[in-house]
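Here is how the chains run, residue by residue.
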Amino acid sequence: MNKNDLKYKAYVSILEEELVPAMGCTEPIALAYAAAKAAEVLGGIPDSIEVKASGSIIKNVKSVVVPNTGGLKGISAAVIAGALAGAADRELEVISEVSAEQLAGIKKGLENIPVTIEHIEDGLTFDIVIRLNCGEEYSMVRIANYHTNIVYIEKNGEVLLNVPVAGEEENGLTDRSLLDMKDIWDFAMTVDIDDIRDVIGRQIGYNTAIAEEGMKNDYGANIGKVIMSTFGDDVRNRAKAMAAAGSDARMNGCELPVIINSGSGNQGMTCSLPVLEYAKEYKATEEQTYRALVLSNLTAIHQKTGIGRLSAYCGAVSAGAAAGAGIAYICGGDYQDAVHATVNALAITSGMICDGAKASCAAKIAASVDAGILGYNMFRNGQQFYGGDGIVAKGVENSIHNVGRLGKEGMRETNNEIIEMMIESN
């Protein structure tokens, strides 16, 4: 692909927009970010907080540990941490630096600052409204459609920012409809490595560090360790274990940042760490490793464009299938190997539900990576799933379209039922 092509520039921009650092699960961090921005606008400590959130936000925050809070979980912990200790200019690293004094303040705030939570259903999958009250003064911040997209700010009746929200359009981001597998492959094979070196290099460093932390210490259900101790240390198991270990740590309070993909740290780790394990095993050069990661990351983003940021469809499935494409390239495969690995993997694991961020995400990641690896090895052995086999359609783009339709439209009611179950269990 020529550097002057529209798609070349767009694909570089998409990687830069999507592969950003975040500390902790991104939904509670988005709440903390909104609260930190509201506190910045208010200019004081709130005496009460009102939270309105779409069901998918509530689902993804309920059971996950908020980092730098001493193991606290849930919406109240996230917004109190953001309001009292957040640095809004750090965006998804908003509570990456919390002092001992601030931590004590967060715990005291949870006892003394009432937080009311309302489930809003306004047609948006991703919607957060935070209002901080302090005596007669107040501030309000709204984030919609993606994690850092502040669309409304108000203080004491004065509207400071009001960006129209047109459905679930992600205004301000590069057009994701420019993505397709043929051009993703072309770009990955021809991109000037210097154009993506920083963003991919950061992903390698950050995500490897948290995976190693997950393998060394005790986090959640320790899925990464279970895989290694049970099944051995061949490359297939290492690929699954490292991705799972990163999630073990991240879902259970580890304070190391990750590089996300499609708004999710779990997805960022799933489409990168297995590829890195295969790169080590096959002694891939730095250039080959970077190209494989470009392929995997853009393949994951392409799939998620149709599904949406949040859904009842587990995002690890998309990322695991994308990892299969990257692994296919590392193993010497061509475009056909990569796309068949992706489609075969989607045929295996599509339909796995997302019931919020929590310890079991690590096990879903391991299953999704396994499907990506199996998908590639199927095609290498002359086997594949064909158009008409369930949701698989003729051609990779048609299959990805079907998965997007399944995740966004077909599983909408499933998402509502999951949310109701989780709200009822409080």
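Structural data are supplied above this passage.
Quick notes on the rules
- Residues numbered from 1 in each chain as written.
- Predicted model: local features only at pLDDT ≥ 70, side-chain atom pairs only at ≥ 80, totals over all residues.
- Heavy atoms only, no water.
- Helix = DSSP H or I, 4+ residues; strand = E, 2+ residues; numbered from the N terminus.
- Buried < 20%, exposed > 50% of the residue type's maximum accessible area, 1.4 Å probe, protein only.
- Areas by Shrake-Rupley, 256 points an atom, 1.4 Å probe, with all protein chains shown as cover.
- Lys, Arg positive; Asp, Glu negative; His and termini not counted.
- Charge placed at Lys NZ, Arg CZ, Asp CG, Glu CD.
- Arc of directions from axis to C-beta.
- Contact = heavy atoms within 4.5 Å.
- Patch = residues over 30% accessible without salt bridge, like charges linked within 9 Å, V, L, I, M, F, W, Y side chains within 5 Å.
- Salt bridge = Lys/Arg side-chain N within 4 Å of Asp/Glu carboxyl O.
- Axes fitted to C-alpha atoms, helices over the stretch in contact; angles between N-to-C directions.
- Parallel < 35°, antiparallel > 145°, perpendicular 65-115°, else oblique.
- Left-handed = near helix turned anticlockwise from the far one by under 90°.
- Nonpolar A, V, L, I, M, F, W, Y, C, P; charged D, E, K, R; others polar.
- Core = buried A, V, L, I, M, F, W, Y, C linked by side-chain atoms within 4.5 Å.
- Phe/Tyr/Trp six-rings, centres within 6.5 Å; stacked < 30°, edge-to-face > 60°.
- Lys NZ or Arg CZ within 6 Å of the ring centre and 35° of its normal.
- Polar contact = N/O pair within 3.5 Å; in protein donor to acceptor, adjacent residues only side chain to side chain.

Engineer: Any chance you could explain the overall build of the protein chain here in plain terms?
Structural biologist: Counting secondary structure elements, the protein chain contains 17 helices and eight strands. Each principal axis of the C-alpha distribution contributes one length, and for the protein chain these read about 70 × 45 × 45 Å. Looking at the 426 residues of the protein chain, the share that counts as buried comes to 57%. Total accessible area on the protein chain is roughly 16,300 Å²; 49% of this is exposed by carbon and sulfur atoms. For the protein chain, the centre of its 36 positive side-chain charges and the centre of its 55 negative side-chain charges are spaced 4 Å apart.

Engineer: For this particular structure, what's the right way to read helix H8 (residues 223–231)?
Structural biologist: Residue pairs spaced three or four apart in an α-helix point in one direction, given the helix's 3.6 residues per turn. Within H8 the residues assigned to the buried category are Ile223, Gly224 and Ile227. In a view along the axis of H8, the buried residues occupy a sector of 110°, so they form one face of it. Check the buried side of H8 and you find it contacts helix H7 (193–216), helix H9 (235–251) and helix H15 (361–380). Where H8 terminates, the next one or two residues include Gly232, which has phi positive at roughly 95°.

Engineer: What am I meant to see in a negative patch on the surface here?
Structural biologist: Taken together, the side chains of Glu121, Glu413, Glu417, Glu420 and Glu424 define an acidic patch exposed on the protein surface. The residue Glu420 is located in helix H17 (residues 412–424) in this model. On the basis of relative accessible area, Glu420 is assigned to the partly exposed category, the value being 36%.

Engineer: Looking at this structure, how should I read the packing of helix H12 (residues 286–307) against helix H16 (residues 396–410)?
Structural biologist: A pair of packed helices is characterised by two quantities: the angle between their axes and the separation of those axes. With their axes 7 Å apart at the nearest point, H12 and H16 run at an angle of 45° to one another. One finds that H12 runs oblique with respect to H16. Considering the relative orientation of H12 and H16, their crossing is right-handed. On H16, the residues that touch His302, Gln303, Gly306 and Ile307 of H12 are Glu397, Ile400, Val403, Gly404, Gly407 and Lys408. Residues that form the contact of H12 with H16 fall into these classes: three nonpolar, five polar and two charged.

Engineer: Sorry, what's going on with the packing of helix H6 (residues 181–190) against helix H14 (residues 335–349) here?
Structural biologist: Between H6 and H14, the least distance of the axes is 11 Å, while the angle of their chain directions is 130°. For the element pair H6 / H14, the angle class is oblique. Both H6 and H14 take part in a crossing whose hand is right-handed. The residues of H14 that touch H6, namely those facing Met181, Lys182 and Trp185, are Tyr335, Ala338 and Val339.

Engineer: Would you mind going over the nonpolar core with me for this structure?
Structural biologist: One finds Tyr11, Leu31, Ile130, Phe187 and Leu298 to be the most contacted residues of the largest nonpolar core, which totals 122 residues. Ranked by the residues each element gives to this core, the list is headed by helix H2 (residues 26–42), at twelve residues. Of all hydrophobic cores here, the second largest spans seven residues; its members include Leu124, Tyr138, Ala144 and Val151.

Engineer: Any chance you could explain the packing of aromatic side chains here in plain terms?
Structural biologist: Evaluation of the coordinates by the stated rule reveals five aromatic pairs. The interplanar angle of 70° and the centroid separation of 5.2 Å between the aromatic rings of Tyr8 and Phe187 together place this pair among those described as edge-to-face. Separated by 179 residues along the polypeptide, Tyr8 in helix H1 (residues 6–18) and Phe187 in helix H6 bring together distant segments of the chain. Of the two residues, Tyr8 and Phe187, neither departs from the other in class, the shared state being buried. Ring geometry for Tyr278 and Tyr282: centres 6.2 Å apart, planes at 15°, overall stacked. Tyr278 gets classed as buried once you look at its relative accessible area, which sits at 6%. Since its relative accessible area comes to 41%, Tyr282 is described here as partly exposed. Following the ring pairs from residue to residue traces out a cluster consisting of Tyr8, Tyr11 and Phe187. Arg131 extends its terminal NZ or CZ atom over the ring of Tyr138, reaching a point 3.9 Å from the ring centre.

Engineer: I tried to follow unusual backbone geometry on my own but got confused; where do I start?
Structural biologist: Trans is the prevailing form of peptide bonds, just as negative phi is the prevailing case for residues other than glycine. Phi at Asn156 is positive, roughly 50°, even though this residue is not glycine. Note on placement: Asn156 falls in the loop between strand S6 (150–155) and strand S7 (158–162).

Engineer: Where do I start with helix H11 (residues 273–281) in this structure?
Structural biologist: Counting buried positions along H11 yields seven of nine residues, so the element is predominantly enclosed. Listed as buried for H11 are Leu273, Pro274, Val275, Leu276, Glu277, Tyr278 and Ala279. Looking at the buried residues of H11, the elements they touch are H7, H9, helix H10 (265–270), H12, helix H13 (315–330) and H15. Within two residues after H11, Lys283 carries a phi angle of roughly 50°, on the positive side.

Engineer: What is the right way to read the side chain of Thr299 from this model?
Structural biologist: In this fold, Thr299 is placed in helix H12. A distance of 2.6 Å separates a polar atom in the side chain of Thr299 from the backbone oxygen of Leu295. Contact partners of Thr299, with chain neighbours within four places excluded, come to Met181, Ile184, Ala322, Ala325 and Thr342.

Engineer: I would appreciate a short explanation of the environment of Ile14 in the present structure.
Structural biologist: As for its placement among the helices and strands, Ile14 is situated in helix H1. The class of Ile14 is buried, set by a relative accessible area of 0%. As a C-alpha pair, Ile14 and Leu298 span 284 residues in sequence and 8.2 Å in three-dimensional space. Once residues lying within four places of it in the same chain are set aside, the contact partners of Ile14 are Thr174, Asp175, Arg176, Leu179, Leu298 and Ile301.

Engineer: How should the pattern of salt bridges be read in this particular structure?
Structural biologist: Where side chains of opposite charge bring their charged atoms close, a pairing between them can arise. What the rule picks out here adds up to 26 salt bridges. Its salt-bridge partner being Lys358, residue Asp355 comes within 2.8 Å of it at the nearest N-O pair. The exposure class of Asp355 is partly exposed, given its relative accessible area of 26%. Look at Lys358 and you get buried, because its relative accessible area is 14%. Between Glu409 and Arg412 there is a salt bridge whose closest N-O contact spans 2.9 Å. A residue is classified by how much of its surface remains accessible, and Arg412, at 39% relative accessible area, is partly exposed.

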